[in-house]
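# Residue-level structure breakdown
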Amino acid sequence: MSDTTYILDNDATRNKVRERYGKIARERGSCCAPQGENNSSCCGTEADAKANKLGYTVEDVAASPDSAAITLGCGNPTAMAQLKKGETVVDLGSGAGFDCFIAAKQVGEEGKVIGVDMTPDMISTARKNAVAGGFSQVEFRLGEIEALPVGDNQVDVIMSNCVINLSPDKPAVFRESYRILKSGGRLSIADVVATAEMPAEVKEDFANFTSCIAGAAMVEDVEHMLKDAGFAEVKITTNEDTREMINKWSSIGKPGDYVVSAIIEAVK
């Protein structure tokens with residue numbers, strides 16, 4: 001039993017995730033493809049088609065620096081967040097900054113967007129993208145989403161795109177999110193959730209974990225975790241149209257049979 005095949009513990013999990021996404025940042029590959037593949041599925045015409053399916057517009061893609069689009073994720077959290085001018089937004093697992101830059105345009109120069117990512121290569125890429133795009137109201141902080149480098153009651157909106165499924169301690173992510181939100185603050189997350197029990201060979205394969213499949217929690221478990229953290233008005237809306245896309249994320253079976261993209265919303 002090798003440590004590349006089975007999930008060992010929280011630190012080993014984070015290290016494997018950090019290793020993979022650091023490689024993606026350096027090579028500008030696809031975030032959601034079987035390990036070992038280095039394609040350009042987040043770039044060009046195919047990226048436009050994927051972005052449209054996930055709820056992004058052509059203008060969203062065109063407005064961001066080119067390398068930011070390597071992390072299109074599994075949905076568009078900014079579309080549901082209803083961001084307002086002057087708001088402070090935190091993006092959990094911000095990658096190369098794609099959603100941060102969309103959010104920055106919505107909150108304006110008087111607003112603030114903070115991207116948090118645990119992968120140094122992603123942080124470096126995102127900071128370069130911010131400079132290239134002239135996004136002075138956006139900053140990127142190195143840190144883990146289970147221990148956010150943000151003060152209490154500081155944030156209007158938390159968003160995230162296909163990242164929380166990668167966390168080995170999801171309840172901690174939701175507790176931290178609750179901590180940094182202001183009273184009345186909103187959670188708008190695009191992530192993958194499980195709608196059926198996964199086969200053991202899929203769930204225990206680490207490549208499927210870092211490809212955003214094996215770490216997906218059941219819909220009802222996500223709802224319970226959010227409520228346990230203190231959130232109210234919890235709403236989870238699945239996108240059945242993403243199952244075919246998710247089938248391409250693994251070389252084992254059809255993960256779209258038991259995993260689907262969803263928008264997760266809640267209020268503090």
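Up top is the structure.
Description of the structure in this document. A quick note: this is a predicted structure, and the numbers were derived from the prediction, not measured. (Residues numbered from 1 in each chain as written. Predicted model: local features only at pLDDT ≥ 70, side-chain atom pairs only at ≥ 80, totals over all residues. Heavy atoms only, no water.)

### A closer look at the overall build of the protein
Check the secondary structure of the protein and you find 11 helices and 7 strands. Burial analysis of the protein (268 residues in total) assigns 55% to the buried set. Sequence separation of at least 24 residues holds for 73% of the intrachain contacts in the protein that already meet a minimum separation of 6. Per element, the accessible surface of the protein, about 11,200 Å² overall, is 48% carbon and sulfur. (Helix = DSSP H or I, 4+ residues; strand = E, 2+ residues; numbered from the N terminus. Buried < 20%, exposed > 50% of the residue type's maximum accessible area, 1.4 Å probe, protein only. Contact = heavy atoms within 4.5 Å. Areas by Shrake-Rupley, 256 points an atom, 1.4 Å probe, with all protein chains shown as cover.)

### A look at the side chain of Arg243
Positionally, Arg243 belongs in helix 11 (residues 243-246). Residue class for Arg243 comes out buried when judged on its relative accessible area of 18%. Of note is the side chain of Arg243, whose polar atom sits 2.6 Å from the side chain of Glu240. Contacts of Arg243, omitting those with residues within four sequence positions, involve Thr195, Gly256, Asp257, Tyr258, Val259 and Val260. (Polar contact = N/O pair within 3.5 Å; in protein donor to acceptor, adjacent residues only side chain to side chain.)

### Topic: the pattern of salt bridges
The full count for this structure, using the stated rule, is 9 salt bridges. The partner of Glu197 in a salt bridge is Lys203, with the nearest N and O atoms 3.6 Å apart. Measuring nitrogen to oxygen at the nearest pair gives 2.6 Å for the salt bridge that ties Glu240 to Arg243. Relative accessible area serves as the criterion here: at 45%, Glu240 is assigned to the partly exposed category. Taken together, the shared-partner salt bridges in this structure form one network comprising Lys112, Glu139 and Arg141. (Salt bridge = Lys/Arg side-chain N within 4 Å of Asp/Glu carboxyl O.)

### Comments concerning helix 6 (residues 120-133)
Helix length check: helix 6, at 14 residues, gives a terminal C-alpha distance of 20 Å against a target of 20 Å (1.5 Å per residue), a fit within 8%. Of all the positions in helix 6, only Met122, Ile123, Thr125, Ala126, Asn129 and Ala130 are classed as buried. Summarising the axial view, the buried residues of helix 6 lie within an arc of 165 degrees, below the 170-degree limit, and thus occupy one face. Seen from the open side of helix 6, the exposed residues pointing more than 90 degrees away from its buried face are Lys128, Val131 and Ala132. (Expected span 1.5 Å × (residues − 1). Arc of directions from axis to C-beta.)

### What about the pairing of strand 2 (residues 112-117)?
With 5 of 6 residues buried, strand 2 lies mostly within the body of the structure. The pairing of strand 1 (residues 88-92) with strand 2 spans 5 bridges and is classified as parallel. Within the sheet, the bridge partner assigned to Asp91 lies in strand 2 and is Gly115. Regarding the hand of the β-α-β motif, the stretch spanning strand 1, helix 5 (residues 98-107) and strand 2 is right-handed. Of the pairings in the sheet, the one linking strand 2 to strand 3 (residues 138-142) comprises 5 bridges and is parallel in character. Following the sheet pairing, Gly115 is matched in strand 3 by Phe140. Once you follow strand 2 into helix 6 and on to strand 3, the crossover reads as right-handed. (Pairing = 2+ DSSP bridges. Right-handed = clockwise from strand over helix to strand, strands pointing away.)

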